[in-house]
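Spelled out, the chains give:
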Amino acid sequence: MTKNTDTTHASCSDHTLAEQLETALAAQARAEAARDSLLDGIESALEGFVLYDADDRMVAFNSRFEELFSPRVAIGMRFEDLIRSAVEQGLAPVGELGVEEWVARRMERHRNPGPPFKLRLNNGTWIRISEGRTRDGGLVGAYTDITELEEQREHLEELVKATEAATARAEAAQRQLLDAIESSLEGFALYDASDRLVVYNSRYRDFFSGPERAVLPAEPFAVETPGAPFELVIRTFAESGLSSLDGQTVDEWIAQRLERHRNPRGPFNLKHQDGTTIRVSERKTSDGGTICVYSDITELEEHRHRLEELVAKRTAKLEQRTQQLRKSREELERARDAAEQASIAKSEFLANMSHEIRTPMNGVIGIAELLEGTELSDQQRRYVSIILHSADTLMDLINDILDFSKIEAGRLELETIPFMLRDTLGDTLQTLAKRAADKGLELACHIPPEVPDHLMGDPTRLRQIIINLVGNAIKFTENGEVVVDVTLVGQGDQGARLQFDVRDTGIGIPDAQQERIFEAFAQADTSTTRQYGGTGLGLAIAAQLAERMGGPMQLDSKPGVGSVFTFAADFGLRRRKGRRARCARQNCAGDVHWWSTITPPIARSSRKLS
């Protein structure tokens, strides 16, 4: 009986154990399923997850966590080993701290978890770390990648800083602008698109202020919100008696002023009751507002009125003076015409009279020459010589007067005939050789080979110029030489331009007298006429002839050194079929320098310079 009872109890115990084992296995299966589900959930999380036991060994982690600290992440790894490994890999941001100090600080925060904190890894990744203790003394950690959020935050912070800086600059610029507007000598105001006052300065305010009433408040001059409408400002101004109204009613004046304000057409003037004149300039802004500038031009207006009165007086005087000048001009024109007619009549008279005088003078000279050829006593012959010399002098004077009269009357004409330059100059200087020899002077002529000899022009007038210049040079030279130089200035197919220089070693001409030396009847000084004689017509005639032939005559002179008279003349070139077989002077063909020392006919000599 007892044995059966024990067997029954054993069977019950086995059955109970089996049930308990089955229950335990089922619970284990559920726990493992729950664990796997939890791990799957942790693995699916966007954050890195890690679980440490009470000994600070890694129990579980997901792939997100492994990615942050790979490749040295393994189950059973201690936290301290993990962060040291991160330092060795260059992942942990040790910074200026030493490795040990950084590890100690991180371990302290790990052992005593607090609020979540941020950590920027050396690869630029920002992570947010949240750590907390479990009931069994373990630790769970969540690592969230907040790099994008941090970049957005930094960007927003930069935008905020930039906005604050821009705002500060704008406020500073506004203050500067308002200070500048306030410091301006002109009144300034800005109205918005609704014609409400936005900004104005004290000068603008003062214009709308009277002794008893101010249209605009004293402060602030830059209003925060749009202030009084423009119509109210000018109505108050007009009704307070500050405007002169220009003979209009208040409403008429306001209507006209509003129309000008809303449709600006350029500056205009406003009169203040106290007599002040204001120049108003208004202009529309891009947003529909209006800028007003008021300038006090009272002083300018008063000055303008004074100037207008002065101009009116001066204009009247000028018109009176103009009438006088017009009358004087007409009288001068009549006097000029009369003088010109008188000058022409005088020139014609002198030309006719000189021509009439030359006929009897030729008779006197001819009879005197015939008388000289008869048998005369020494005294009679001396008298005849005086008659001939005086007649020649008078004939030269008559010829000069005749030529000068022709030039003044415009009746002098130049010939164009063929002539030989070297023959003409040689013959011309030969007539002056005796005068030069009597004074012991050397008279010479130099013509280079390139100067053409066969020319077309007026040899008579060229001879007249040379005689005047060389004659004067001999007259005013006591010792030394008188030289005529001819140079070629330019040559073409049809003509040539020659320059003539007459040099002497005479008394020279002072600078003060050189400007008037070519005037008619002029000489260097009054003593010249007494000492050397002459009328002063020769150089005047020579200068005008030279100008007619090619250019003005020029003078270069130094007192005590001598003078050089220079003129240029244009000549045509004479065409020849062949070279002349013979020349009046053997060396005038143009292939050698022609240098001739001119002597009286009895003792004449020539020399060639190759």
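What this report covers is the structure whose coordinates are included nearby.

Parameters at a glance
Residues numbered from 1 in each chain as written. Predicted model: local features only at pLDDT ≥ 70, side-chain atom pairs only at ≥ 80, totals over all residues. Heavy atoms only, no water. Helix = DSSP H or I, 4+ residues; strand = E, 2+ residues; numbered from the N terminus. Buried < 20%, exposed > 50% of the residue type's maximum accessible area, 1.4 Å probe, protein only. Contact = heavy atoms within 4.5 Å. Areas by Shrake-Rupley, 256 points an atom, 1.4 Å probe, with all protein chains shown as cover. Pairing = 2+ DSSP bridges. Axes fitted to C-alpha atoms, helices over the stretch in contact; angles between N-to-C directions. Patch = residues over 30% accessible without salt bridge, like charges linked within 9 Å, V, L, I, M, F, W, Y side chains within 5 Å. Salt bridge = Lys/Arg side-chain N within 4 Å of Asp/Glu carboxyl O. Lys, Arg positive; Asp, Glu negative; His and termini not counted. Charge placed at Lys NZ, Arg CZ, Asp CG, Glu CD.

## Some words on the overall build of the chain
(1) Moving on: The helix and strand inventory of the chain stands at 16 helices and 19 strands.
(2) Moving on: Within the chain, the fraction of its 610 residues that count as buried is 35%.
(3) Moving on: Taking all contacts inside the chain whose residues are at least 6 apart in sequence as the whole, residues at least 24 apart take part in 55%.
(4) Moving on: Taken as a whole, the chain presents about 37000 Å² of accessible surface, with 53% of it coming from carbon and sulfur.

## Some points on the sheet that holds strand β2 (residues 58-61)
(1) Moving on: Taken in spatial order, the five strands make up an open sheet running β2-β1-β5-β4-β3, and their pairing is antiparallel. Of all the strands in the sheet, the pair left with one neighbour each is β2 and β3 (117-120). The sheet shows a mean angle of 25° between the axes of neighbouring strands, direction not considered.
(2) Moving on: The strands touched by helix α4 (residues 99-111) are β1 (48-52), β3, β4 (126-133) and β5 (139-145); relative to β4, the strand with the most contacts, the crossing angle is about 50°.

## Some points on a negative patch on the surface
(1) Moving on: Together, Asp-145, Glu-148, Glu-151, Glu-154 and Glu-158 give the surface a local cluster of negative charge.
(2) Moving on: Ranked by residues supplied to the negative patch, first place goes to helix α5 (residues 147-183) with four residues.
(3) Moving on: Its place among the elements puts Glu-148 in helix α5.
(4) Moving on: Its relative accessible area of 56% is what places Glu-148 among the exposed residues.

## Let's talk about the environment of Arg-120
(1) Moving on: Inspection of the secondary structure puts Arg-120 in strand β3.
(2) Moving on: Overall, Arg-120 belongs to the partly exposed group, its relative accessible area being 42%.
(3) Moving on: In this structure, the C-alpha to C-alpha distance between Arg-120 and Ala-92, residues 28 residues apart in sequence, is 8.2 Å.
(4) Moving on: Discounting chain neighbours no more than four positions away, the residues touching Arg-120 are Pro-93, Thr-125 and Trp-126.

## Some details on a positive patch on the surface
(1) Moving on: Judged by side-chain charge, Arg-57, Arg-78, Arg-111 and Arg-133 come together as a positively charged surface patch.
(2) Moving on: Topologically, Arg-78 is positioned in the loop between α2 (63-69) and α3 (79-88).
(3) Moving on: Classification of Arg-78 by relative accessible area gives partly exposed; the value is 33%.

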